[in-house]
Amino acid sequence: MSEALIGARNALRLPATLLVASQLAYIAVTQFHAGGHANDHHEIFETYAHDALWGGVHLGQFVAMAILVAGLLALASLLASRDALTLWLGRLGAASAVTALALYGVLQAVDGVALKQAVIAWAGAPAAEQSARFASAETVRWLEWGMRSYEDFAIGIALALFAGAITASQRFPRGVGLIIALSGVAYLAQGWIAGAEGFSPAQSLAIVLGWSLCLVWMTWLAIWAWLPFPSGKGSAVHVDQAHLINN
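Residues numbered from 1 in each chain as written. Predicted model: local features only at pLDDT ≥ 70, side-chain atom pairs only at ≥ 80, totals over all residues. Heavy atoms only, no water.

Undergrad: I would appreciate a short explanation of the overall build of the protein in the present structure.
TA: Across its full length, the protein carries eight helices and zero strands. Secondary structure of the protein in N-to-C order comes out as α-α-α-α-α-α-α-α. Residue burial in the protein is summarised as follows: out of 247 residues, 48% are buried. Pairs at least 24 residues apart make up 81% of the contacts formed inside the protein by residues separated by at least 6 positions. When the accessible area of the protein is evaluated, it comes to approximately 11,600 Å², of which 70% is carbon and sulfur surface. (Helix = DSSP H or I, 4+ residues; strand = E, 2+ residues; numbered from the N terminus. Buried < 20%, exposed > 50% of the residue type's maximum accessible area, 1.4 Å probe, protein only. Contact = heavy atoms within 4.5 Å. Areas by Shrake-Rupley, 256 points an atom, 1.4 Å probe, with all protein chains shown as cover.)

Given below as structure tokens:
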């Protein structure tokens, strides 16, 4: 195996591993999130108020998102090249990913802390205060809608930019850029739906679609990075790709 090929595989292994691990961790942690009809606030607030895992789940989601952004930043470092288009698409994608993480941190503070305290206060308030407490909790919920909307927009834009950079670089398997772009569209759709109608069934569908598409391209990159390439005639193509990644 050539030194160029070994270098290319090693360079991509870290970001690919971070990305797959973070996505799987996020999905796993989210399975412990309290469920119910999210837009039925009377029902769901009661559920949230008595959920003992609330704080841990939201902290776990934030950690998983931070690892995902770290993987995207590591991937961006591989896109630095003499080609100005690839370079700037990668840099802008990295900047958008960092912005998304900042928005996600605020989102989790609103959802994981502020909303939890608001629904606890509502659930335990005297009857005379119930209406006011419920209105306060709904205000926090609507703030969560707004934060979730713009966080989804930011990560969607980041994925679209990375898709462009990866396609322009011609250093990665053909087609992976398209899957990344589609996952970005799914996140943009999540952002629009969350801002317009909150956590509706349509938004849940967009979430599952985004997760699925991200797992496809992340796993594809991880397999491409970790498994040995075929020997023989086809290896020349991969060696050339490896040479491009190292330059």
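Undergrad: When you look at the side chain of Ser169 in this model, what are you seeing that I'm missing?
TA: Mapping Ser169 onto the fold places it in helix 5 (residues 130-169). With a relative accessible area of 11%, Ser169 lands in the buried category. Not counting chain neighbours up to four residues away, the residues in contact with Ser169 comprise Leu79 and Thr86.

Undergrad: Mind showing me how you'd approach the packing of helix 6 (residues 176-197) against helix 7 (residues 201-226) here?
TA: In a packed pair of helices, the relevant descriptors are the angle between the two axes and the axis-to-axis distance. Where helix 6 meets helix 7, the closest approach of the two axes is 8 Å, and the angle between their N-to-C directions is 160°. Taken as axis vectors, helix 6 and helix 7 run roughly antiparallel relative to one another. When the axes of helix 6 and helix 7 are compared, the crossing they make is left-handed. Considered class by class, the residues forming the contact of helix 6 with helix 7 number 19 nonpolar, four polar and one charged. (Axes fitted to C-alpha atoms, helices over the stretch in contact; angles between N-to-C directions. Parallel < 35°, antiparallel > 145°, perpendicular 65-115°, else oblique. Left-handed = near helix turned anticlockwise from the far one by under 90°. Nonpolar A, V, L, I, M, F, W, Y, C, P; charged D, E, K, R; others polar.)

Undergrad: How do you make sense of the pattern of salt bridges when you look at a structure like this?
TA: When the charged atoms of two side chains lie near each other, side chains of opposite charge can form a pair. Evaluation of the coordinates by the stated rule reveals four salt bridges. Between Glu144 and Arg141 there is a salt bridge, and its shortest N-O distance comes to 2.9 Å. With Glu144 and Arg141 both in helix 5, this residue pair falls three residues apart, about one helical turn. Judged on exposure class, the residue Glu144 and its partner Arg141 are both buried. A salt bridge links Glu151 to Arg148, with the shortest nitrogen-to-oxygen separation between them at 3.9 Å. In this pair, Glu151 and Arg148 are both assigned in helix 5, three residues apart and thus about one turn of the helix distant. With a relative accessible area of 2%, Glu151 lands in the buried category. Owing to a relative accessible area of 15%, Arg148 belongs among the buried residues under this scheme. Where salt bridges share partners, they join Arg148, Glu151 and Asp152 into one cluster. (Salt bridge = Lys/Arg side-chain N within 4 Å of Asp/Glu carboxyl O.)

Undergrad: Whenever I open this one, the environment of Asn39 confuses me. Can you help?
TA: Structurally, Asn39 can be placed in the loop between helix 1 (3-30) and helix 2 (41-49). Residue classification places Asn39 among the partly exposed residues on the basis of a relative accessible area of 35%. A C-alpha to C-alpha distance of 9.4 Å links Asn39 and Pro201, two positions 162 residues apart in sequence. Setting aside chain neighbours within four positions, we find Asn39 in contact with Trp145, Glu197, Gly198, Phe199 and Ser200.

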